[in-house]
Amino acid sequence: RGVRIMCFLDRSIQYRLSKPPALFSFCLYQRIRLTKKDERLVIVLVGLPGRGKSFIARKLQNFVTWRGSECRVFNVGKYRRQAADGACAADFFDSKNSAAAEMRQQAASLAMDDMLKWLDKEEWSGTTTHPAVTPTTNGVRKDRVGIFDATNSTIERREWVLKECTCGVKRAGKPTGVVFVESICDDKDLLHANFMTKVNNSPDYKDMDVKEAMADLLSRVKKYEEAYETIDDDTQSYIKIFNLSSKMLVNHIYGRMAKSIVPALMAWNIGTRPVFVCRAGQTLNESERASLQCVMSRSESLGSQGREFRDALFSHMKVECLDFIRRRQKAAFSPDLNTGTSISGRMNRSGFGSHVSLASLVDENGEEEEQYVGTDGVTPLPFRCHIMSSTMPRARQTVEWGENMPYPVEMLSNLNPLDKGDFTGQELENLAVTNPEWYNQLVDDPFYTRFPGGECYGDLTSRLESVVVDIEQQVGPVLVVSHVSVLQVLVAYLRGTPVENCTSIALPMNTVLKFTPAKGGGWQESQHCILNSPSNSLSDLKCIDDSMHTGGHVTPLVRRRSSAIQRLSISSATKRDNISSNNNEDSLSELCSPMPAPPIWGDHQSSRGLEPSSPDENFII
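These figures come from a predicted structure and were not determined experimentally.

Asker: Sorry if this is basic, but what is going on with the packing of aromatic side chains here?
Answerer: The geometry of two aromatic rings is summed up by the distance between their centres and the angle between their planes. Per the counting criterion, the structure on display carries 16 aromatic pairs. Judged by centre distance (6.5 Å) and plane angle (90 degrees), the ring pair of Phe-63 and Tyr-493 falls under edge-to-face. Of the two residues, Phe-63 is situated in helix 3 (residues 53-66) and Tyr-493 in helix 16 (residues 484-495); the sequence distance between them amounts to 430 residues. The class of Phe-63 is buried, set by a relative accessible area of 2%. Residue class for Tyr-493 comes out buried when judged on its relative accessible area of 2%. Aromatic ring contacts, followed pair by pair, group Phe-63, Trp-66, Trp-268 and Tyr-493 into a single cluster. One residue, Lys-247, lies across the ring of Phe-242, its end atom 4.6 Å from the ring centre.

This is the structure in structure tokens:
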């Protein structure tokens with residue numbers, strides 16, 4: 001009898017434990033609902049003028065597109081200028097001006113209609129701030145993210161946005177997620193820098209005197225402040241950014257928003273730090289291998305040319321980084337170099353944007369005075385730089401600048417070359433013969449064709465996401481040393497060009513690519529050949545006009561070179577057998593169609609007569 005009572009009590013307790021409280025169930029339901037990945041997502045920007053909303057919109061657009069989604073920015077200001085037939089004075093934004101308020105609402109409605117039509121892949125007017133995104137290939141299905149860029153400064157306006165995007169009648173069968181991103185700024189230095197950017201670049205102040213434009217902007221801000229209502233409805237999904245990422249508050253943010261977009265939002269800043277990327281130095285050449293009686297391998301060390309590049313890279317970085325410190329002294333606004341998690345649990349010694357002790361960083365000879373020590377904790381280093389490299393020996397050795405310069409290097413497997421799986425160590429020309437079907441898929445779609453047992457270029461964006469966030473969050477110089485495939489994907493992000501086309505980006509040996517922040521959230525690029533070698537001629541680069549790129553990108557283009565690798569027209573296994581039995585150069589060329597392939601695939605460059613720089617960076621996959 002006692003046993004029966006105990007069993008009954010056990011079952012009763014188990015039942016009560018298996019039934020969570022109502023509040024817990026509701027919270028769990030909210031998390032499940034918000035974690036679900038909708039095919040359509042709307043990011044609604046909120047904030048007063050001059051708070052960096054358009055900067056955030058452009059950075060979001062580039063990041064989300066690079067991650068594999070289709071993304072467009074719908075700027076209500078552009079619709080408003082079209083409706084008003086030009087720029088509008090500060091009185092136009094007075095909440096008491098009913099005629100202007102009606103016109104502003106009309107502009108918002110037009111932008112909303114276009115965004116929803118685009119999200120639903122219907123016909124729309126095409127008034128956005130960015131060009132069309134490259135269509136999807138290889139059957140890869142992309143979700144769409146629309147960014148609604150406006151002040152959206154009142155509760156009434158935000159409720160209207162929610163209703164338009166999620167109405168059960170108008171949007172039946174078209175589930176759409178909505179997240180509000182509010183930018184709040186009260187830092188005077190940052191506000192002044194944002195205001196100056198706006199008056200110098202906004203179409204509203206084109207051909208207007210700077211003082212007059214600033215006065216009009218301040219008057220406009222005051223009009224908005226009179227009616228501004230911050231987000232305080234905790235039933236909504238929102239992110240609040242304070243002073244462009246110095247502090248952040250998130251509410252009901254799960255799934256991809258929490259995994260990808262929140263870290264990116266926290267990383268972006270308006271500092272002027274340069275980012276340098278380059279390939280690892282060259283490994284041993286044939287004569288050096290012969291003298292050492294060794295064969296080519298993935299773990300090969302730098303050869304004599306690679307060591308020369310290593311030394312030249314140190315000299316180049318020293319000049320660049322010390323020049324960066326000198327220019328910071330003259331900057332109107334500069335985030336503090338002493339950032340990161342505080343050891344004491346309090347904010348680091350200088351405030352956000354503070355110029356305290358900047359003058360003490362550099363002496364009259366240009367040398368950095370503030371002590372910056374190496375990994376041994378003792379040796380003073382001549383300049384600051386955040387260095388990242390792959391775990392490959394040749395990459396690590398490229399930034400090993402001697403025992404007297406023990407620079408901290410963050411070695412990341414994320415920066416290792418594309419994994420070619422079963423085809424590691426094989427030449428593309430041989431694969432064209434032995435695996436023609438796969439080879440033709442590679443030619444047709446080099447970005448999404450996965451190497452058997454390995455990766456495709458599309459996989460690289462996933463493992464490089466944390467690297468991009470790490471680069472973006474730095475406020476000092478950054479150096480990334482990696483390999484062709486990885487750098488192609490990374491450079492596509494920095495250039496703001498479609499990542500699907502990154503396989504044609506040429507990266508010369510012994511050359512450093514320098515990216516500096518440009519207006520609007522983009523990056524300006526320059527290339528520096530720091531050591532002459534025959535392989536520097538692999539790319540034919542030229543700069544194009546700034547107006548061709550969004551957000552101030554200045555991007556060297558690669559003139560496509562004729563490639564020895566072309567699409568095969570092989571239709572049967574019989575032909576494959578014939579090729580195997582007649583293995584000569586003529587048999588391969590006879591089966592190649594005249595359609596050229598991209599000049600560079602992964603860590604393979606199809607230019608005969610050039611000596612490989614490393615085991616998997618030229619002729620061998």
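Asker: Teacher, can you tell me more about the sheet that holds strand 9 (residues 409-411) here?
Answerer: Backbone-to-backbone hydrogen bonds join strands into a sheet, with any given pair of strands oriented parallel or antiparallel. In space, the six strands of this open sheet follow the order 9-8-10-7-11-12, with mixed pairing throughout. Of all strands in the sheet, those with a lone pairing partner are strand 9 and strand 12 (523-529), marking the two edges. Neighbour-to-neighbour, the strand axes of this sheet turn through a mean angle of 20 degrees, independent of strand direction. Judged from the four bridges that link them, strand 8 (residues 386-389) and strand 10 (residues 478-482) form a sheet pairing that is parallel. Each residue of the ladder has a partner; that of Met-388, found in strand 10, is Val-480. Docked against the sheet, helix 15 (residues 457-473) engages strand 7 (275-279), strand 8, strand 9, strand 10 and strand 12, running at close to 165 degrees with respect to strand 8.

Asker: Would you mind showing me how to read helix 15 here?
Answerer: Because an α-helix packs 3.6 residues into every turn, residues spaced three or four apart end up facing the same way. Counted at 1.5 Å a residue, the expected span for helix 15 with its 17 residues is 24 Å, and the 24 Å between its end C-alpha atoms agrees. The sharpest bend along helix 15 reaches about 45 degrees and sits at Leu-464. The element helix 15 is extensively covered by neighbouring structure, given that 13 of its 17 residues are classed as buried.

Here is what the cut-offs are and how they apply
- Residues numbered from 1 in each chain as written.
- Predicted model: local features only at pLDDT ≥ 70, side-chain atom pairs only at ≥ 80, totals over all residues.
- Heavy atoms only, no water.
- Phe/Tyr/Trp six-rings, centres within 6.5 Å; stacked < 30°, edge-to-face > 60°.
- Helix = DSSP H or I, 4+ residues; strand = E, 2+ residues; numbered from the N terminus.
- Buried < 20%, exposed > 50% of the residue type's maximum accessible area, 1.4 Å probe, protein only.
- Lys NZ or Arg CZ within 6 Å of the ring centre and 35° of its normal.
- Pairing = 2+ DSSP bridges.
- Axes fitted to C-alpha atoms, helices over the stretch in contact; angles between N-to-C directions.
- Contact = heavy atoms within 4.5 Å.
- Expected span 1.5 Å × (residues − 1).
- Bend = angle between axes of the 7 residues up to and from the residue.

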